[in-house]
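The primary structure of each chain is shown beneath.
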Amino acid sequence: MPETTYDSVKRFTSSKSVTPALSRQELLEVSQNISLYFAPRISSNNKKLVLLSIDPQHLYAYWNFDDDESQNKTPSSSNTSDNKMLRIYSQEVRGDVVKSKPLVEFKIQGSQAKQLISLPIINRKETYFAKIGELNSSKNFIPLIISNNTACFSRQKKLKKISFTDYIIPYNNIEFKIKEQSKLKKTHRERTNYSGKGR
Amino acid sequence: MGTEKGFLSIILHAHLPYVRHPEYESFFEEVWLFEAITECYVPLINALDNLSKDNVDYRLTLSLSPTLLMMLGDELLKTRYLTYLNTRIELAEKEIIRTKNQKEYQKLARLYRRFFIHVRQIYQNYNFDILKAFKKHYFSGRLELISTAATHGFLPLLNISEIAVRNQINVGIDTFKSIMGFSPAGFWLPECGYYPGLELLLDDAGINYFFIDTHGVVDASDLPKNGIYAPLDCGNKVMAFARDPESSHQVWSAQEGYPGDINYREYYSDIGFELDLEDVAPYILDGKTRINTGIKYHRVTGKGQEKKIYDPKKAKRKAYKDAKDFIAKREQQIKILSRKMNRPPVIVSPYDAELFGHWWAEGIHWLESVLRLASEPDNQIKLVSCKEYLKQQKNHQVSVPSSSTWGDQGYSSYWINEDNDWIYPFLHEMAEEMEKLAVDFTGVSVLPVQKRALNQAFRTVLLAQASDWPFILKSGTTIDYATKKINDYLARFNYLHECIRNNKINEHYLLALETMDNVFPDIDYRDYKPVI
């Protein structure tokens, strides 16, 4: 069977060169050198607290800040870093009024830099934000850093099982029959996504 | 529209991460692309050609991701693909000889040989240009083509920077436009990841509609009056179409879905794993590591039974039967729905394109049959693209969908968890630094080499943001590869960032990075400057 090669016919289809300007070896050396000497690092100067929504019940926070700097800014706080807290707030906007209230808080342990948060209450109209702060000698919370706002995921309907008829709302029917979401086979991405393929 | 009672819109989403490796002579992950071309994209083109030849007035929507578009047009990958295809033909020929005393197996080996040659013929007929074929069908008015985010970034977790999300969307659309020659009306949100507000960025990018999972519409800000069988206007005339769970389940479900039928070809039975190493050594990784070759002799069979030999004719008959069943169920669904709605229902059925032909070998035949059956004039169903539907159906309910994805559990937990959460501080910081670069180097005089470095930094940010990397880290498949890809992109960005800030750019290194990460040639780093 004679082989068809793209090289043999490409002059009819393209004027672009298939051969890169640099050799494979040169490319590989650049790639390896950069990976060796410029490995990922988080800049310690970049003070940050980020809050992300995972699902209706969970948030995720990560942070990065200089401990010494924070202690300098809060002279009234204790000199140990044992009293750092991550505090999650909910925020509700009604007209011009913005109401914030602390929902849950976590003591930050040593070099800890992330926290999964289970929400005690789910209110679809709320957004969340977080603060990391220290408790001073009077047990008052002194915020050191504040996060972005993140909207919560909402789940207002209780879903039970699959049937397409449960996804229609008749005009004259106030009752919206929907079924349990968790029972749905939500995805088979692993079966079809190439990037989920094993060797 | 005619007298039909309802519509069916089938959407295939085709995407692969950027897996091009010019720094190696051959690279395993490039085979993902080669398998997809051989088993899915070319057979799909063949099916569309057949439908056109028979003048079937079908409608199908195909989403082509920008990374896939770039790879399908890449000269190096085209060359490597033909080498791959030629080796498949060679392997099938060897199999014909090896199975000379096993007639049933030999028959299948001959079939594989014919199949690979046919694929090569079709590919050659289109001048080795898959996109030319899709464009031809687009201009026939029957195939709707849309696109997605630049590197399939998972937008809900990039959303701490609006400019990061905006650029995933805009670069994706610009790439599609520059390659395909027209603007997409629709947008595939990567992993159907939606959050309220995304519609504003889509509107800015000229997008008319997108797709979300069922619960995104069910949990919308106002009760959806037509459930999930009519789109919602997000408030700015950008429409959200919801996935129909019934038709999804029939195709996706591992237990009850069509692909699990005992007569269909077994994906996991491949001679790359089954034959003696010496028989398959030239066709596997480095001659040592077993991988799929594409030649598979067995059918699904039953649970716990020894795998039986595949009968392609029987499987084809079954695929046709399943297509009839699919259409009958949609008709039944439409019959019930249309009694309860004030407009014809539209059933939206999105699938990953690579399910068809690759994972489910008979999937393309099934799809072609579905398109033929649905196009028959005497049924109550009409195939439609969402663009066409929106042209003809007006006055949609205004309601903002809720945050949702089509991933496991319906939200973001597959893309952020204990296996992959480490990537986000890096990704977010990288986007932040890119933003600072864009701000600092906009409106000032920039040397051509600086501009190249800034644009390359922008490309690197996008490539690192692909949803595929956290997906692989969670699914546990090619973890080493995903980890290396992310670390390499982060290191490359660090390198470029340092060079730019210190104004010491090594052109040899820059050229190497431009050669390896050669996506999005028209990118402009100034677009990373926040919109005020």
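All figures in this text were calculated on a predicted structure; none of them were measured in a lab. Per-chain numbering applies: the sequence of each chain, read as written, is numbered from 1 onward. Ligands are numbered from 1 and chains lettered from A, in the order in which they are written. It should be noted that, the model being predicted, local features are given only for residues of pLDDT at least 70 and side-chain atom pairs only at 80 or more, the latter also being counted only at that level, while totals for whole chains, interfaces and linings use all residues. Remark: hydrogens and water are excluded; side-chain values derive from all non-hydrogen atoms of the structure.

Considering the overall build of chain B
So the rule is basically this: By definition, any uninterrupted DSSP run of H or I lasting at least four residues is a helix, any uninterrupted run of E lasting at least two residues is a strand, and each is numbered from the N terminus. Note on classification: 1.4 Å probe, protein chains only; a residue is buried when its accessible area is under 20% of the maximum for its type, exposed when over 50%, partly exposed between these limits. Accessible areas in this description were obtained via Shrake-Rupley with a 1.4 Å probe; residue shielding takes into account the shown protein chains only.
Summing up its helical and strand segments, chain B has 20 helices and 9 strands in all. Across the 532 residues in chain B, those meeting the buried criterion constitute 66%. As presented, chain B carries roughly 18400 Å² of accessible surface, and 49% of it is formed by carbon and sulfur atoms.

Some words on the overall build of chain A
This is how it is decided: The contact definition used throughout considers only heavy atoms, calling two residues in contact when any of these lie within 4.5 Å.
Looking only at helices and strands, chain A has 4 helices and 8 strands in total. In chain A, the succession of α and β elements from N to C terminus is α-α-β-β-α-β-β-β-β-β-β-α. When each of the 199 residues of chain A is scored for burial, the buried share is 44%. Sequence separation of 24 or more characterises 50% of the internal contacts of chain A that already satisfy a separation of 6 or more. Only carbon and sulfur atoms are counted for the fraction: they give 48% of the accessible area of chain A, which is about 11100 Å².

A short note on the pairing of strand β7 (residues 239-242) of chain B
Residue and element names in this part refer to chain B. So the rule is basically this: Pairing between two strands requires that DSSP report at least two bridges joining them.
With burial as the criterion, each face of β7 is covered, one bearing M239 and F241 and the other bearing A240 and A242. Bridging between strand β5 (residues 209-212) and β7 involves 4 bridges; their strand directions are parallel. Bridged to Y209 within β7 is M239.

So, the pattern of salt bridges
Side chains carrying opposite charge are able to pair once their charged atoms draw close together. Residues and elements named next belong to chain B. The following threshold applies: Salt bridges are defined by distance alone: a side-chain nitrogen of Lys or Arg within 4 Å of a carboxyl oxygen of Asp or Glu.
Across all of its chains, the model carries 31 salt bridges over all chains by this definition. The partner of R113 in a salt bridge is E93, with the nearest N and O atoms 3.1 Å apart. Here E93 lies in helix α3 (residues 75-98) and R113 lies in helix α4 (residues 103-125), a separation of 20 residues in the sequence. Here R98 ties to E95 by a salt bridge, and the two come within 2.7 Å at their closest N and O atoms. Placement of both R98 and E95 in helix α3 is noted, with a separation of 3 residues, approximately one turn of the helix. Here E95 falls in the buried class, since its relative accessible area comes to 2%. If you follow the salt bridges from partner to partner, you end up with D57, R59, R142 and E388 in one network.

As for the side chain of A:K84
Counting through the fold element by element, A:K84 comes out in strand β3 (residues 84-94). Relative accessible area serves as the criterion here: at 4%, A:K84 is assigned to the buried category.

A short note on the confidence of the model for chain A
Formally: Values of pLDDT, ranging from 0 to 100, describe the predictor's confidence in every residue of the model.
In this model, chain A carries an average pLDDT of 71, and 56% of its residues clear a pLDDT of 70 or more. Taken as a whole, residues 158-162 of chain A scores under 50 in pLDDT and shows 20 contacts with residues more than four places along the chain or in a different chain.

Quick look at the packing of helix α18 (residues 468-475) of chain B against helix α19 (residues 479-502) of chain B
Residues and elements named next belong to chain B. Counted only if it meets this: Axis definition: a line fitted to C-alpha atoms, limited for helices to the stretch in contact. Angles are taken between N-to-C directions and run from 0 to 180 degrees. Note: crossing handedness is left-handed where the near helix turns anticlockwise from the far helix by less than a right angle, and right-handed where it turns clockwise. For this classification, the nonpolar set comprises Ala, Val, Leu, Ile, Met, Phe, Trp, Tyr, Cys and Pro, the charged set comprises Asp, Glu, Lys and Arg, and every other residue, Gly included, is treated as polar.
At a minimum axis separation of 8 Å, α18 and α19 run at an interaxial angle of 145°. Both α18 and α19 take part in a crossing whose hand is left-handed. In this structure, α18 contributes W469, I472 and L473 to the contact, and α19 contributes I479, Y481, A482, T483, K485, I486 and Y489. Of the residues that constitute the contact of α18 with α19, the class distribution is 8 nonpolar, 1 polar and 1 charged.

Things to note about the packing of aromatic side chains
Applied cut-off: Pairing of aromatic rings covers Phe, Tyr and Trp, the last through its six-membered ring, and needs centres within 6.5 Å; plane angles under 30 degrees mean stacked, over 60 mean edge-to-face, and all others mean tilted. Remark: a charge is flagged as sitting over a ring if the NZ atom of Lys or the CZ atom of Arg is within 6 Å of the ring centre and within 35 degrees of the ring normal.
Enumeration over the complete set of coordinates arrives at 47 aromatic pairs over all chains. Seen in terms of ring centroids, B:F176 and B:F182 are 5.4 Å apart; in terms of plane orientation they differ by 85°. Their pairing is edge-to-face. Note on accessibility: B:F176 and B:F182 belong to one class, buried. Positioned over the ring face of A:F141 is A:R87, at 4.2 Å from the centre of the ring. Directly above the aromatic system of A:Y89 lies the positively charged group of A:K131, at a separation of 4.8 Å from the ring centroid.

Quick word on the sheet that holds strand β1 (residues 48-55) of chain A
Ordered by their spatial adjacency, 3 strands build an open sheet running β1-β2-β5 (chain A), and the pairing between neighbours is antiparallel. With partners counted over all chains shown, the strands left at the sheet margins are β1 and β5 (114-118) of chain A, one partner each. Strand after strand, the sheet turns through a mean of 20° between neighbouring axes, direction not considered. Sheet topology places strand β2 (residues 58-64) of chain A next to β5(A); 5 bridges connect them, and they run antiparallel. Bridging across to β5(A), A:Y60 finds its partner in A:L116. The sheet strands contacting helix α16 (residues 423-440) of chain B are β1 and β2 of chain A, and the helix crosses β1(A) at an angle near 120°.

As for helix α20 (residues 507-516) of chain B
Owing to its 3.6 residues per turn, the α-helix brings residues three or four apart onto one side. What counts here: Contacts described as polar in this section are N or O atom pairs within 3.5 Å, which, within protein, must combine one atom able to donate a hydrogen with one able to accept it, while residues neighboring in sequence count only if both atoms come from side chains.
The element α20(B) is largely enclosed, with a buried count of 7 among its 10 residues. As for α20(B), its buried residues are in contact with α2 (24-37) of chain A together with α17 (448-464) and α19 of chain B. Its side-chain oxygen at 2.9 Å from the backbone nitrogen of B:H508, B:N506 defines the N-terminal cap of α20(B).

Brief notes about the environment of A:R41
Within the element layout of this structure, A:R41 appears in the loop between α2 and β1. The exposure class assigned to A:R41 is partly exposed, which follows from its relative accessible area of 47%.

Notes on unusual backbone geometry
Residues and elements named next belong to chain B. The phi dihedral of H152 is positive, around 65°, even though this residue is not glycine. Relative to the elements of secondary structure, H152 occurs in the loop between β3 (143-148) and α6 (155-158). Even without being glycine, N395 reaches a positive phi, approximately 55°. Along the polypeptide, N395 turns up in the loop between α15 (386-392) and α16.

Some thoughts on the environment of B:D468
Residues and elements named next belong to chain B. Along the chain, the position of D468 falls in helix α18. Overall, the relative accessible area of 0% leaves D468 in the buried class. Here the side chain of D468 touches H15 through a polar contact of 2.9 Å, side chain to side chain.

Quick word on a positive patch on the surface
Residue and element names in this part refer to chain B. Spelled out, the test is: A residue counts toward a patch only above 30% relative accessible area and without a salt bridge, and it is joined to like-charged neighbours within 9 Å or, for Val, Leu, Ile, Met, Phe, Trp and Tyr, to nonpolar neighbours within 5 Å. All tallies of charge rest on Lys and Arg as positive and Asp and Glu as negative; His and the ends of each chain are not included. Positions of charges follow a simple convention, taking NZ of Lys, CZ of Arg, CG of Asp or CD of Glu.
Taken together, K5, K335, R339 and K340 make up a surface patch of like positive charges. Structurally, R339 can be placed in helix α13 (residues 312-340). Given the relative accessible area of 63%, R339 is considered exposed.

Side note on the pairing of β1(A)
Residues and elements named next belong to chain A. Among the 8 residues in β1, 8 count as buried, and that is most of the element. The sheet contact formed by β1 and β2 spans 7 bridges and is antiparallel. Its bridge partner lying in β2, S53 is registered against L59. The turn linking β1 back onto β2 is made up of 2 residues.

Points about the nonpolar core
Residues and elements named next belong to chain B. This is how it is decided: In these notes, a set of buried Ala, Val, Leu, Ile, Met, Phe, Trp, Tyr and Cys residues joined through side-chain atoms within 4.5 Å is what counts as a nonpolar core.
Core analysis: the largest hydrophobic core is formed by 211 residues, its most contacted members being Y41, F134 and W366. Looking at this core element by element, the count peaks at 14 residues for helix α1 (residues 30-53). In contact with Y41, not counting residues within four places along its chain, are A14, H15, L16, A36, L68, L72, I130, F134 and E354.

So, α17(B)
Heads up, the condition is: Residue count minus one, scaled by 1.5 Å, sets the expected span of a helix.
Given a rise of 1.5 Å per residue, 17 residues ought to cover 24 Å, and the 24 Å separating the end C-alpha atoms of α17(B) matches this to within 8%. In terms of residue burial, α17(B) counts as a mostly covered element, since 14 of its 17 residues are buried.

Points about the side chain of B:T67
Checked against the element boundaries, B:T67 lands in helix α2 (residues 66-72). Setting aside residues up to four positions removed in sequence, B:T67 forms contacts with B:H15, B:L16, B:P17, B:Y18, B:A150 and B:T151.

Re the packing of α19(B) against α20(B)
If you want to describe how two helices pack, look at the angle between their axes and the distance between the axes. All names here are of chain B. Interaxial distance between α19 and α20 falls to 12 Å at its minimum, and their mutual angle equals 145°. Considering how the two elements wind past one another, α19 and α20 form a crossing that is left-handed. Of α20, the residues touching α19 (which contributes R492, Y495 and L496) are Y509, L510, L513 and M516. Across the contact of α19 with α20, the residue classes tally to 6 nonpolar, no polar and 1 charged.

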